[in-house]
Amino acid sequence: QGQLVESGGGLVQPGGSLRLSCGASGFTFSNYAMKWYRQASGKEREWVAGISSAGGSTNYADSVKGRFTISRDNAKNTVYLQMNSLKPEDTAVYYCNAVAGRLSYWGQGTQVTVSS
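These numbers come from a predicted model, not from an experiment.

Asks: Break down the pairing of strand β11 (residues 110–114) for me, citing the residues and quoting the values.
Replies: Residue alternation in β11 divides its side chains into a buried set, Thr110, Val112 and Val114, and an unburied set, Gln111 and Thr113. Across three bridges, the pairing between strand β2 (residues 10–12) and β11 is parallel. By the bridge assignment, Gly10 is partnered in β11 with Val112. The pairing of strand β9 (residues 92–100) with β11 spans three bridges and is classified as antiparallel. In the strand pairing of β11, Val93 is matched with Gln111.

Asks: Tell me about the sheet that holds strand β7 (residues 68–73), and please be specific about residues and values.
Replies: Reading across from one edge, β1-β3-β8-β7 is the order of the four strands in this open sheet, with antiparallel pairing throughout. Whereas interior strands pair on both sides, the edge strands pair on one side only; in this sheet they are β1 (3–7) and β7. Neighbour-to-neighbour, the strand axes of the sheet open up by a mean angle of 15°, direction not taken into account. Looking at chain direction, β7 and strand β8 (residues 78–83) are connected through six bridges and run antiparallel. Across the sheet, the residue bridging to Asp73 is Thr78, located in β8.

Thresholds, definitions, all that
Residues numbered from 1 in each chain as written. Predicted model: local features only at pLDDT ≥ 70, side-chain atom pairs only at ≥ 80, totals over all residues. Heavy atoms only, no water. Buried < 20%, exposed > 50% of the residue type's maximum accessible area, 1.4 Å probe, protein only. Helix = DSSP H or I, 4+ residues; strand = E, 2+ residues; numbered from the N terminus. Pairing = 2+ DSSP bridges. Axes fitted to C-alpha atoms, helices over the stretch in contact; angles between N-to-C directions.

What follows is the structure in structure tokens.
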């Protein structure tokens with residue numbers, strides 16, 4: 001059974017940075033595309049960023065483009081989300097998602113709060 005565990009969330013001031021990590025186990029990580037989603041309180045979950053299985057292709061939601069960077073290390077079974085120039089509207093629970101065809105795994109989420 002596949003498992004994803006996010007870490008790295010916390011409280012940060014506007015303009016600050018955080019790096020989220022998502023460690024995978026129980027499945028062949030390098031076969032899966034990886035995505036980050038977020039869900040703010042009272043709102044629907046939204047897609048943030050994605051990276052292909054080999055890491056050669058990335059894409060981003062317009063709201064984070066130029067500020068967030070997704071990357072992966074297949075040797076460490078880990079995907080990252082580097083978040084710079086954080087804004088209060090980035091406050092949310094961040095989730096990682098592994099996808100390969102109809103197979104999908106989700107992590108439990110990590111809270112990111114951007115506030116002064």
